[in-house]
Amino acid sequence: MPGLPFDLSREPADPGALDELVAGGARRVGLGGVLAERGRRAWSARVRGVAAERGFRWSLRDTFDRIWWPQGVDVAAVDGGRVLAVSWFAKPERGLERGVRLTFVDLRTRRPRYHHVLLAETSRSASGRVELHPVRIHAGGIAWLDDSILVADTVGGLREFRLDNLLRVPEPFHGSVHVLPQHARHRARTVPGDRAMRFSFVSIEHTDGPPLLVTGEYGVGGHDDRLVRLGLDGTGETHQPGLSRMQGVCIVDGTWYVTTSSGEWNGGDLWVGTPDALTRHRRVLPAGPEDLAYDRIAGRLWSLSEWPGRRRVFTIDPTRWRTGREETVRLLGRYLK
């Protein structure tokens, strides 16, 4: 298996910008401060697809919204319970770019509630004043690592956001009073002679040793889309499983799980195995499946669907699909149409 087609270089944000925003009236509340507010109710809901177990839907406003589209998902332990994070990107509306938001769903109560947080970058004006700007990326996947969330930046690598830096601003910024400034950028630089990597989604492989990141490319044909497993030290491996329309990947105890989509009205597929030997479970997911994450406490995968009116967040039992009865397809770099 080849090594990585890219190098990641970390570029920290302006170290003084956060303090200046606080001095200007913003309050540093962190994730705990956001979760302490009332938020919106998440509702239990039926989910189509035999692989989908229990699930929930958003409020009707968020379920049917055609501006904001859910993409990435991850879950972490917070104060003895679990909190789910979901990334959304906004389609431009009348020239307005809202960027990307994270939604935190408090699973520590019987009736979960959730909270939207807008992601932002900082810059300085000609006079030296700190300004906020929306983060304009697709945010197709997220990885919650300790006190930071890494967000996939399709052509740029990864963006890093520290949850302790979460602010409540005195005036709504693009409709949000909760803003999370970018802490750093992990810029991907293509190795000479290789093909530029697209960071379409990302997850964390939790192991007994240091955690690993797993990322990959969404594509509809034309070249071999890749899956990449990489350590935070910059080493890793690249695979070409031959799948098109990959939306998410997760590794649990050495087994790879990949979601692929097939349009708005067809159920999604779940692929299980290793990159060179994957079992295809056809149409077992709802239409428009996206990112994948592993919940170590519950022993379940989390995923979500994106289409307005049918958006759901749901769990998958990975052990149920680890040894499927369907034919194992050895792809050898070919696409499945």
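For the structure itself, consult the block above.
Here is a short report on the structure shown in this document. (Residues numbered from 1 in each chain as written. Predicted model: local features only at pLDDT ≥ 70, side-chain atom pairs only at ≥ 80, totals over all residues. Heavy atoms only, no water.)

**What to know about the environment of F6**
Here's step 1: Inspection of the secondary structure assignment puts F6 in strand β1 (residues 6–12).
Here's step 2: On a C-alpha basis, the gap between F6 and V191 in space is 5.0 Å, while along the polypeptide they are 185 residues apart.
Here's step 3: Contacts of F6, omitting those with residues within four sequence positions, involve A188, R189, T190, V191, M197, F199, V228 and L230. (Helix = DSSP H or I, 4+ residues; strand = E, 2+ residues; numbered from the N terminus. Contact = heavy atoms within 4.5 Å.)

**A short note on the pairing of strand β13 (residues 157–162)**
Here's step 1: Buried residues dominate β13, accounting for five of its six residues.
Here's step 2: The sheet contact formed by strand β12 (residues 148–153) and β13 spans six bridges and is antiparallel. Considered in β13, the bridge of S148 is made with R162.
Here's step 3: Adjacent in sequence and paired antiparallel, β12 and β13 are bridged by three residues. (Buried < 20%, exposed > 50% of the residue type's maximum accessible area, 1.4 Å probe, protein only. Pairing = 2+ DSSP bridges.)

**Let's talk about the environment of R310**
Here's step 1: Considering the arrangement of structural elements, one finds R310 in the loop between β26 (300–304) and β27 (313–316).
Here's step 2: You can call R310 partly exposed: its relative accessible area is 30%.
Here's step 3: In the structure, R310 is positioned 233 residues away from A77 in sequence and 28 Å away in space, judged by C-alpha atoms.
Here's step 4: With sequence-adjacent residues up to four places away left out, R310 is seen in contact with T63, E264, W265, A287 and S305.

**Things to note about the sheet that holds strand β4 (residues 43–45)**
Here's step 1: A sheet is described by the order of its strands in space; here five strands give the open sequence β4-β5-β27-β26-β25, paired in antiparallel fashion. Both outer strands of the open sheet, β4 and β25 (293–295), are each paired with one neighbouring strand and no more. With direction set aside, neighbouring strand axes in the sheet form an average angle of 35 degrees. (Axes fitted to C-alpha atoms, helices over the stretch in contact; angles between N-to-C directions.)

**Re the environment of G267**
Here's step 1: Along the polypeptide, G267 turns up in the loop between β22 (255–260) and β23 (268–274).
Here's step 2: According to the relative accessible area criterion, G267 is buried, its value standing at 17%.
Here's step 3: For the pair formed by G267 and M197, sequence separation is 70 residues and the distance between their alpha carbons is 27 Å.
Here's step 4: Discounting residues that sit within four places of it in the chain, G267 has contacts with S262, R283, L285, P286 and A287.

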